[in-house]
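Secondary and tertiary structure notes
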Amino acid sequence: MSSAPPSTAALLLSFEGTEGCGKSTQIRLLQEYLIAKGLRVEVLREPGGTSVGEAIRHLLQHAREGEGLVAEAELLLFAASRAQLIRERVVPLLRQGVWVILDRYVDSTTVYQGIGRGLPQQTIENLNAFASDGLLPHLTFLLDLEVTRASARIEQSGRSLDRMERQPQSFFEAIRAGYLHLAETQPQRIRRINADQPREQVHSEILQHLSPHLHGASA
Ligand SMILES: Nc1ncnc2c1ncn2[C@@H]1O[C@H](COP(=O)(O)OP(=O)(O)OP(=O)(O)O)[C@@H](O)[C@H]1O
Ligand SMILES: [Mg+2]
């Protein structure tokens, strides 16, 4: 008999927030922390995380062809990447007892395509549920940072901007407000974290939110 851990042992976590708010940095810190606790952890990004998803990511963020995308097509491409990721990677990993950390997930679609692009909220909710097979994270960390602070971080890092990032500041202000509204309406799942603090402090706030879920968790 195999002694695989019960599927309930592994958690699905997601990180959200505007560009440059510190998602990748915090995901790395959390992954290291969980691994040191003896847990198995996989980090996956959206869009992407599968071969199909990475091709979609390229189209959405970098390819010249992506410049002509209409908002509706953009929404469907994000959904296609997600549908593949959930079925090919996330569900099998959770079943094996592997914790999964997603770098963006359904809430990104809700705010970027819903508020940012102005697509109908109901359509997005339906599509999110369809693509994700109704799978919501146990916890979502919203790294909240003033838009100007976030762009200063990106500028300082010296990296170039992708297609989504070349939007006016008002776009990102609306995104931030949308995220905050989501966190207010779903406080059980979505935890707002003040990202305008040193890395280690942000990390420890995240751990505080996670600690009730860590009791009894083992590899
Ligand atoms: N708490 C922090 N204080 C200051 N700078 C930070 C902090 N966290 C991350 N940074 C820096 O800000 C920049 C953006 O961080 P990071 O790449 O983690 O953000 P992100 O949300 O993943 O961005 P993206 O949207 O580009 O994926 C990086 O140069 C990173 O080193
Ligand atoms: Mg990142």
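The notes below deal with the structure included here. All of these numbers come straight from a predicted model, not from anything done at the bench.

The rules behind these values
Residues numbered from 1 in each chain as written. Chains lettered and ligands numbered in written order. Predicted model: local features only at pLDDT ≥ 70, side-chain atom pairs only at ≥ 80, totals over all residues. Heavy atoms only, no water. Near = heavy atom within 4 Å. Polar contact = N/O pair within 3.5 Å; in protein donor to acceptor, adjacent residues only side chain to side chain. Areas by Shrake-Rupley, 256 points an atom, 1.4 Å probe, with all protein chains shown as cover. 1 Å grid on protein atoms, 1.4 Å probe; cavity = no way out; pocket = protein on both sides within 12 Å on 5 of 7 lines; lining within 4 Å. Sits in = over half its atoms within 2 Å of the grid points. Helix = DSSP H or I, 4+ residues; strand = E, 2+ residues; numbered from the N terminus. Nonpolar A, V, L, I, M, F, W, Y, C, P; charged D, E, K, R; others polar. Salt bridge = Lys/Arg side-chain N within 4 Å of Asp/Glu carboxyl O. Points joined across faces, edges and corners; volume = space filled by probe spheres on them. Buried < 20%, exposed > 50% of the residue type's maximum accessible area, 1.4 Å probe, protein only. Contact = heavy atoms within 4.5 Å.

**With respect to the site of ligand 1**
In the region of ligand 1, 14 residues are neighbours, and Lys23, Ser24, Thr25, Arg159 and Gln197 sit closest. In this structure, an oxygen atom belonging to ligand 1 sits 3.3 Å away from a main-chain N or O atom of Cys21. Within the contact set of ligand 1, an oxygen atom lies 2.8 Å away from a side-chain nitrogen or oxygen of Lys23. Look at ligand 1: alone it shows 630 Å² of surface, and the protein chains cover 75% of it. More than half of the atoms belonging to ligand 1 lie within 2 Å of the grid points that define the largest pocket. Contributions of two or more residues to the shell around ligand 1 are made by helix 1 (23-36) and helix 6 (147-157). Among the elements that line the shell around ligand 1, the one with the most residues is helix 1, at 3 residues. Split by residue class, the shell around ligand 1 holds 2 nonpolar, 6 polar and 6 charged.

**Describing the pattern of salt bridges**
A full pass over the atoms with the stated rule returns 11 salt bridges. In this structure, Arg117 engages Glu74 in a salt bridge whose closest nitrogen and oxygen atoms are separated by 2.8 Å. With Arg117 in the loop between helix 4 (106-116) and helix 5 (121-132) and Glu74 in helix 3 (residues 71-95), this residue pair connects regions lying 43 residues apart in the sequence. Salt bridges here are not isolated pairs; linked through shared partners, they connect Glu16, Glu19 and Arg104.

**A word on empty space enclosed by the protein**
For the structure on display, the rule yields 1 cavity of 30 Å³ or more. As a volume, the largest cavity reaches approximately 40 Å³. Along its surface, the largest cavity is lined by Gly17, Thr18, Leu142, Leu143, Asp144, Leu145, Arg176, Tyr179 and Leu180. Breaking the lining of the largest cavity down by element, the ones donating at least two residues are strand 4 (139-144) and helix 7 (169-185). Residues that form the lining of the largest cavity fall into these classes: 5 nonpolar, 2 polar and 2 charged.

**Some words on the environment of Ser81**
Relative to the helices and strands, Ser81 is located in helix 3. A relative accessible area of 0% means that Ser81 is categorised as buried. Beyond its immediate stretch of four places on either side in the chain, Ser81 contacts Pro47, Gly48, Gly53 and Ile56.

**Some words on unusual backbone geometry**
Put simply, Glu46 and Pro47 share a cis peptide bond, and its omega is -15°. Tracing the sequence through the fold places Pro47 in the loop between strand 2 (41-45) and helix 2 (51-61). Phi at Arg104 takes a positive value of approximately 85°, unusual for a residue other than glycine. Among the secondary structure elements, Arg104 is positioned in the loop between strand 3 (99-103) and helix 4. A positive phi is found at Asp133, a non-glycine position, where the angle reads about 55°. Looking at the secondary structure, you find Asp133 in the loop between helix 5 and strand 4.

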